[in-house]
Amino acid sequence: MRRSYVAKIMAVSFVGVHVPLICLAAYLLAASPLSLEAVMPIALTVLIATLAGTAGTLAALYLLLNPVRAASAAIHDYIHNRHVAALPTGFTDEAGRLMADLQEGITRLDGALDATGAERHRLIEEREAHFEMLSKMSHELRTPLNAILGFAEVIQTEMMGPVGAPAYSEYAGFIRKSGADLLHMVEGLLQMGDAKTGAARQAVTAVNLDDMLIEVVNLQRLHADRRHVGIDLHRGNRPVVVHEDPRALKQLLMFTLSGVIAGTQAGGLVAVALRLTDDGGTGVSVTAPGAFSPADLPRVITRVVDASGGGFAAAPAGTDDFGHVSVQGFTFAVAHAIASAEHIAMDVRPLDGQRAVTLTFTAATADS
């Protein structure tokens, strides 16, 4: 009866109707001067009349509650099965208006949901087409960039003979460094396009985060060595397993670490730490000395930093999410795109005079 509104109404009505009968029976038995033989016919008559009245009252209440039951069933069926029921809307009393208004509300809601779903589908297709175009464009840019880098290295190292003035070799080094940064951005466009379109997505599986971090740190050591930056990896006391797409996870860690390295001055040390959060999740933090500048963060990251009290102004409404950013900022944008696609929390903020980036995996388990 606790779950049935109709049963509650019936119980209240039954008790209310029988209270007079109970009071009358108690009075006749306690205060009436009549004998028991004289009282019994009166009590029996009252009992029969009360039962008949109770049956009629309960039947009438049950019929009167039909609109409430129909309205409850209709809204429940729509919420759970998306089925639009046909409620009677021709009645003019309060119950009739309830069903008519509910019918109109469900009809409007269903139309709004259909329109929203169609618009969402259109936006997803448009966004995927946009990133697919970026990926194709990035492929086209990568070939001439590799040629530029190759020839710059030939000139800088004087493989084919001396180039004459020493300044030319220095200029070739500038070309090589700038070209490498540009190629890094192009690779980021490819990775971001894959993350957003789902072209590179693999099945979610158990990934040993310790082994993944070791691999990523080893892959980024060349990038760090070229910038004369050290990397220090702090692992946990026991293996940690997360359930993620392995390729997307590797991309995310690569670009997070690469972004921090790109913004670190020569001689600095980048610390990578694996930790378990208080709520049982898993986190990876990447910290390095120095401070963020607005050009180091795309606007989508700037909003996060500003919301956490980092001191950056949020982007004006209607602007894009990138704006003018550095290599570090672009790399963070790629990491943020991958993290968003994989539903991984990414937090970027200044912390005790350092730059800190934290990735949190909520659906994680620690294996002993």
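- Per an unreviewed UniProt entry, the protein chain is named histidine kinase, and its organism is Tistrella arctica.
- In its Catalytic activity (unreviewed entry) section, the UniProt entry covering the protein chain states "ATP + protein L-histidine = ADP + protein N-phospho-L-histidine."

1. Points about the packing of aromatic side chains
Right, so step 1: Throughout the structure, instances matching the rule amount to one aromatic pair.
Right, so step 2: Ring geometry for F292 and F332: centres 6.2 Å apart, planes at 70 degrees, overall edge-to-face. Of this pair, F292 sits in the loop between strand 5 (282–289) and helix 8 (299–307) while F332 sits in helix 9 (residues 327–341); the two residues are 40 residues apart in sequence, bridging distant segments of the chain.
Right, so step 3: For F292, a relative accessible area of 11% translates into the label buried.

2. Looking at empty space enclosed by the protein
Right, so step 1: Tallying each qualifying case throughout the model produces one cavity of 30 Å³ or more.
Right, so step 2: Estimates place the volume of the largest cavity at around 50 Å³.
Right, so step 3: Taken together, L213, V216, V217, L253, T256, L257, V272, V284, V286 and L359 make up the full set of residues lining the largest cavity.
Right, so step 4: Broken down by secondary-structure element, the contributors of at least two residues to the lining of the largest cavity are helix 6 (209–226), helix 7 (246–262) and strand 5.

3. Structural notes on the environment of E94
Right, so step 1: Mapped onto the elements, E94 comes out in helix 4 (residues 94–157).
Right, so step 2: In this structure the C-alpha to C-alpha distance between E94 and P67, which are 27 residues apart in sequence, comes to 9.8 Å.

4. A short note on the pattern of salt bridges
In a structure, side chains of opposite charge can pair up when their charged atoms sit close to one another.
Right, so step 1: Scanning all chains against the criterion turns up seven salt bridges.
Right, so step 2: Across the salt bridge formed by R108 and E104, the nearest N and O atoms sit 2.5 Å from each other. With a gap of four residues between them, R108 and E104 both fall in helix 4, about one helical turn apart.
Right, so step 3: Residue classification places E104 among the partly exposed positions, given a relative accessible area of 39%.
Right, so step 4: Through salt bridges with shared partners, one network takes in R82, D110 and D114.

5. Describing unusual backbone geometry
Right, so step 1: Its identity as a non-glycine residue notwithstanding, R82 has a phi of 55 degrees, on the positive side.
Right, so step 2: For R82, a relative accessible area of 38% puts it in the partly exposed group.
Right, so step 3: Of note in the backbone geometry, D352 takes a positive phi value of approximately 55 degrees without being a glycine.
Right, so step 4: Of note, D352 is situated in the loop between strand 6 (345–351) and strand 7 (354–361).
Right, so step 5: Its relative accessible area of 76% is what places D352 among the exposed residues.

6. Things to note about the sheet that holds strand 7
Right, so step 1: Overall, mixed pairing links the five strands, which are arranged 2-4-5-7-6 in an open sheet. Each having just a single partner strand, strand 2 (230–234) and strand 6 make up the two edges of the open sheet. Taken over all neighbouring pairs, the strand axes of this sheet differ in orientation by 15 degrees on average, direction set aside.
Right, so step 2: Note: strand 2 against strand 4 (residues 269–276), five bridges, orientation parallel.

7. Overview of the packing of helix 6 against helix 7
Right, so step 1: At a minimum axis separation of 10 Å, helix 6 and helix 7 run at an interaxial angle of 40 degrees. Overall, the two elements helix 6 and helix 7 adopt an arrangement that is oblique. Relative to helix 7, the crossing made by helix 6 is right-handed. Contacts between helix 6 and helix 7 involve L209, M212, L213, E215, V216, V217, L219, Q220, H223 and A224 on the former and, on the latter, P246, L249, K250, L253, M254, L257, S258, I261 and A262.
Right, so step 2: Partitioned by chemical class, the residues of the contact of helix 6 with helix 7 number 14 nonpolar, three polar and two charged.

What counts as what
- Residues numbered from 1 in each chain as written.
- Predicted model: local features only at pLDDT ≥ 70, side-chain atom pairs only at ≥ 80, totals over all residues.
- Heavy atoms only, no water.
- UniProt positions renumbered as here; feature names shortened; annotations may be inferred.
- Phe/Tyr/Trp six-rings, centres within 6.5 Å; stacked < 30°, edge-to-face > 60°.
- Helix = DSSP H or I, 4+ residues; strand = E, 2+ residues; numbered from the N terminus.
- Buried < 20%, exposed > 50% of the residue type's maximum accessible area, 1.4 Å probe, protein only.
- 1 Å grid on protein atoms, 1.4 Å probe; cavity = no way out; pocket = protein on both sides within 12 Å on 5 of 7 lines; lining within 4 Å.
- Points joined across faces, edges and corners; volume = space filled by probe spheres on them.
- Salt bridge = Lys/Arg side-chain N within 4 Å of Asp/Glu carboxyl O.
- Pairing = 2+ DSSP bridges.
- Axes fitted to C-alpha atoms, helices over the stretch in contact; angles between N-to-C directions.
- Parallel < 35°, antiparallel > 145°, perpendicular 65-115°, else oblique.
- Left-handed = near helix turned anticlockwise from the far one by under 90°.
- Contact = heavy atoms within 4.5 Å.
- Nonpolar A, V, L, I, M, F, W, Y, C, P; charged D, E, K, R; others polar.

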